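Secondary and tertiary structure notes
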Amino acid sequence: MAQIPEFEVVLYPDPVLRKVSDPIVHFDEDLRSVVAAMFARMRKSKGVGLAAPQVGLRQRILVLNPSEDPNNDLVLVNPTILARTGERVVFDEGCLSFPGIYAEITRPDRCTVRAYDLSGELTEREYDGFRSRIIQHEHDHLEGVLLVDRMTPAEKLKHKPALEELVARYKRARPPEAAEREAVRRE
């Protein structure tokens, strides 16, 4: 059995959060270990959903559970949102990669998703309500789309100090040589 890793949540503006995730090709014990570790991190962080980029992995995996009952755990591997339908609903969303920041985000109430389960079996299902919202939010992460990208200009302005603090914290945590390499790449 593969050892279960212990993950930390990657915070904005870490570049891994902006990368489009790569598809999973092996449905094996390593995948099951990653998923178990993602659920552990999600629960420890008191979240309802988590995407692989949020733990530093460029993989198309998302996990969610809007309740405390482990029987409601849902894993979607290589998910594709086929349709977003229903009434457009405004809801105060948070994100583990943006601690303490909540923004009113508008999303359709339903989505139809094609994805693989942990066994590699392809499924297609419609989700609604809170589950649909979580899936759409976590799917955004797989595409490199973040909470800040979904905010209205007013929400961005409201959260500007908190967003700037996350950027400053990220810069302080990086070794000087990493910042220099990044500056050279931009030139």
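Structural data are supplied above this passage.
What this report covers is the structure whose coordinates are included nearby.

Criteria and thresholds
Residues numbered from 1 in each chain as written. Predicted model: local features only at pLDDT ≥ 70, side-chain atom pairs only at ≥ 80, totals over all residues. Heavy atoms only, no water. Helix = DSSP H or I, 4+ residues; strand = E, 2+ residues; numbered from the N terminus. Rg over C-alpha atoms; globule rule 2.2 N^0.38 Å. Contact = heavy atoms within 4.5 Å. Lys, Arg positive; Asp, Glu negative; His and termini not counted. Charge placed at Lys NZ, Arg CZ, Asp CG, Glu CD. Pairing = 2+ DSSP bridges. Axes fitted to C-alpha atoms, helices over the stretch in contact; angles between N-to-C directions. Buried < 20%, exposed > 50% of the residue type's maximum accessible area, 1.4 Å probe, protein only. Phe/Tyr/Trp six-rings, centres within 6.5 Å; stacked < 30°, edge-to-face > 60°.

Here's the deal with the overall build of the protein
The helix and strand inventory of the protein stands at six helices and five strands. For the protein, the N- to C-terminal ordering of α and β elements is α-β-β-β-β-β-α-α-α-α-α. Here the protein has a C-alpha radius of gyration of 17 Å; the compact-globule value for 187 residues is 16 Å, and the two agree. Over its C-alpha atoms, taken along the principal directions, the protein stretches across nearly 45 × 45 × 30 Å. Considering only residue pairs separated by 6 or more positions, the protein has 67% of its internal contacts joining residues 24 or more positions apart. Between the mean site of the 28 positive side-chain charges and the mean site of the 31 negative ones, the protein shows a separation of 4 Å.

Some details on the sheet that holds strand β2 (residues 61–64)
Read across the open sheet, the five strands follow the order β1-β2-β3-β4-β5; overall the sheet is antiparallel. Across the chains shown, the open sheet's two edge strands, defined by having one partner strand only, are β1 (49–51) and β5 (122–128). Strand-to-strand, the axes of this sheet are offset by a mean angle of 30°, without reference to chain direction. Where strand β3 (residues 74–94) meets strand β4 (residues 102–116), 13 bridges bridge the pair, whose relative direction is antiparallel. Bridging from a neighbouring strand, I81 pairs with V113 of β4. Across the face of the sheet, helix α1 (residues 29–44) comes into contact with β1, β2 and β3 while running at roughly 45° to β2.

With respect to the environment of D128
With respect to the helices, strands and loops of the structure, D128 is situated in strand β5. For D128, a relative accessible area of 49% translates into the label partly exposed. For the pair D128 and E165, spaced 37 residues apart in sequence, the C-alpha separation works out to 35 Å. Leaving out residues up to four positions away in the same chain, D128 has contacts with D109 and R110.

Considering the pairing of β4
Where β4 lies against β5, seven bridges are found, and the strand directions are antiparallel. Note that in β5 the partner of T112 across the bridge is E126. Between the end of β4 and the start of β5, which pair antiparallel, lie five residues, with G120 showing a positive phi angle near 90°.

Quick notes on the packing of aromatic side chains
This structure, assessed with the given rule, holds three aromatic pairs. Taking 4.8 Å as the distance between ring centres and 25° as the angle between the ring planes, the aromatic pair formed by Y12 and F98 counts as stacked. With Y12 in the segment before α1 and F98 in the loop between β3 and β4, this pair connects stretches of sequence that are 86 residues apart. Considered together, Y12 and F98 belong to a single accessibility category, that of buried residues. Ring centres of F27 and Y116 lie 5.6 Å apart, and the angle between their planes is 50°; on these two criteria the pair is classed as tilted. On the criterion of sequence distance, the pair formed by F27 in the segment before α1 and Y116 in strand β4 is long-range, its members being 89 residues apart.

Everything listed here is a matter of coordinates, which is why it stays silent on function.
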